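Listed below, chain by chain, are the residues.
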Amino acid sequence: MVAEFGCHIQPIIGAVRTIYAIVGDERDELMINRLEGLGYVERVDRIQSPFKLMDRRSDLATHRIKIGGATLGEQLFVIAGQCTIDPNNPQFFIETAEAVKEAGANVLRGGVWKPRTNPYTFQGDVKSLDILMEASRRTGLPVDAEVMDETQVQLALDAGVHMLQIGARNALNYSLLRAIGRAVAERDTVILLKRSLHMGPISEFISAAEYVVAFGNPSVILCPRGTSPTLDGYRYHPDESVTPLLKEKTWAPVVVDPSHSVGKAAYVQACALAAIAYGADGFCIEAHVAPSQGIGDDPKQAITPEVLADTIAQAKQIWALRHPARAD
Ligand code: PEP
Ligand code: MN
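Note that this is a predicted model, so its numbers are computed, not measured.

Our next topic: the site of ligand 1. Near ligand 1, the surroundings consist of 13 residues, among which Arg109, Lys114, Ala168, Lys194 and Arg225 are the closest. Protein contact buries 97% of the 300 Å² of open area that ligand 1 shows by itself. Across the shell around ligand 1, the residue classes tally to three nonpolar, three polar and seven charged.

Set out below in structure tokens:
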């Protein structure tokens, strides 16, 4: 059967088990599925990487993502800002933008459209796109916003959004991943791909990034943000610990989102620092000048700019320990 896929079999006969080495390009999913379906096959181990572009040994391994005056991997990289922009209180977002810049953020985040569990809660507002871009102009910071469909992708790109966020709920939406890959193909837009709540093996996360990169824009950042099941007391199961696994398999930068992982402002700093200790290139944090007056996730999980500044200062120390030759 493997001959159909241009491969041949080399048996390795042991005392109790026989291993069949498949020689040739063994990445064809259909061949793997057929082999896995054979009753006498205990397991199929892949030698070749299923991702051609995201693999650490691919030609893209030397690609460096530059945004907001930072080159990922060369210094601590910080995305910070509100979960949700309140279109009725734009002054909060402008103040937050200025404050996170002052605290040392490289990119400003702000939710324009929001993926909400409950259809009756605030879903975001396209008017917030103008507020986002106004904050970008005032601070000089590039901006990051989540997009959930192709119309939003186009609106965000037309407005000049520098970083498109693919949220945890859409990280498994392959047609959207493809559409975003196509839309950013000729641009220097950066993609922040969250880890889905329901992803299985780490290769599933990297393969989702492969969908985007396959269209020609290699600037994809992987963002672990907590998964299911939840850890009692936290919003999700914090997953900054997958960073070394990602680093082993892919060249892509890893920027952890501690805010959604733990879901409570009081725990965010510890999670952010742990991410840097695990080798992440940075973090994406929800911050607000007045969290209690925010909307979306901000009242419960946004930290203040003061805590953000302290988190960045501590993270830089951990960064310096991990990168002794490159400390800034
Ligand atoms: C967010 O960043 O505000 C958000 C909704 O993120 P996630 O997709 O990780 O839930
Ligand atoms: Mn949020």
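Okay, the pattern of salt bridges next. Any two side chains of opposite charge can pair, on the condition that their charged atoms come close. Enumeration over the complete set of coordinates arrives at 15 salt bridges. With a shortest N-O distance of 3.3 Å, Arg34 and Glu4 are connected by a salt bridge. Of this pair, Arg34 sits in helix H1 (residues 29–36) while Glu4 is found in the segment before strand S1 (8–13), placing the two residues 30 residues apart along the sequence. A residue is classified by how much of its surface remains accessible, and Arg34, at 36% relative accessible area, is partly exposed. The exposure class assigned to Glu4 is exposed, which follows from its relative accessible area of 60%. One salt bridge connects Arg57 with Asp55, and the closest N-O pair in it is separated by 3.0 Å. Here Arg57 falls in the exposed class, since its relative accessible area comes to 67%. One network of salt bridges, with partners in common, ties together Glu134, Arg137 and Arg138.

Turning our eyes to something else, we now look at the sheet that holds strand S9 (residues 190–194). Read across the open sheet, the eight strands follow the order S10-S9-S8-S7-S6-S5-S12-S11; overall the sheet is parallel. The open sheet terminates on both sides in strands that have one partner only, identified here as strand S10 (220–223) and strand S11 (255–256). With four bridges joining them, strand S8 (residues 163–166) and S9 adopt parallel strand pairing. The residue of S9 that forms the bridge with Ile166 is Leu193. Running at roughly 165° to strand S7 (residues 143–146), helix H3 (residues 128–139) makes contact with strand S6 (107–110) and S7 of the sheet. Strands S11 and strand S12 (282–286) of the sheet are contacted by helix H9 (residues 265–277), whose axis makes an angle of about 165° with S12.

Before going further, it helps to spend a moment on the coordination of the manganese ion (ligand 2). Expected angles at a metal are 109.5 degrees for tetrahedral coordination by four donors and either 90 or 180 degrees for octahedral coordination by six donors. Coordination sphere of the manganese ion (ligand 2), protein contribution only: Cys83 (SG), His260 (NE2), Glu286 (OE) and Asp297 (OD), at 2.2 to 2.5 Å. If you list the donors of the manganese ion (ligand 2) from N- to C-terminus, the spacing comes out as C-x176-H-x25-E-x10-D. Taken together, the residues span a long stretch of sequence, with His260 in helix H8 (residues 258–262) and Glu286 in strand S12 at a distance of 26 residues. Assessed through its relative accessible area of 0%, Glu286 is described here as buried.

Right, let's talk about the environment of Gly24 for a bit. Counting through the fold element by element, Gly24 comes out in the loop between strand S2 (18–23) and H1. Residues Gly24 and Ile9, spaced 15 residues apart in sequence, show a C-alpha to C-alpha distance of 9.1 Å. Once you skip the residues sitting within four places of it in the chain, Gly24 turns out to touch Gly6, Cys7 and Gln48.

The rules we used
Residues numbered from 1 in each chain as written. Chains lettered and ligands numbered in written order. Predicted model: local features only at pLDDT ≥ 70, side-chain atom pairs only at ≥ 80, totals over all residues. Heavy atoms only, no water. Near = heavy atom within 4 Å. Areas by Shrake-Rupley, 256 points an atom, 1.4 Å probe, with all protein chains shown as cover. Nonpolar A, V, L, I, M, F, W, Y, C, P; charged D, E, K, R; others polar. Salt bridge = Lys/Arg side-chain N within 4 Å of Asp/Glu carboxyl O. Helix = DSSP H or I, 4+ residues; strand = E, 2+ residues; numbered from the N terminus. Buried < 20%, exposed > 50% of the residue type's maximum accessible area, 1.4 Å probe, protein only. Pairing = 2+ DSSP bridges. Contact = heavy atoms within 4.5 Å. Axes fitted to C-alpha atoms, helices over the stretch in contact; angles between N-to-C directions. Donors = N, O, S within 2.8 Å, 3.2 Å for Na, K, Ca; no water.

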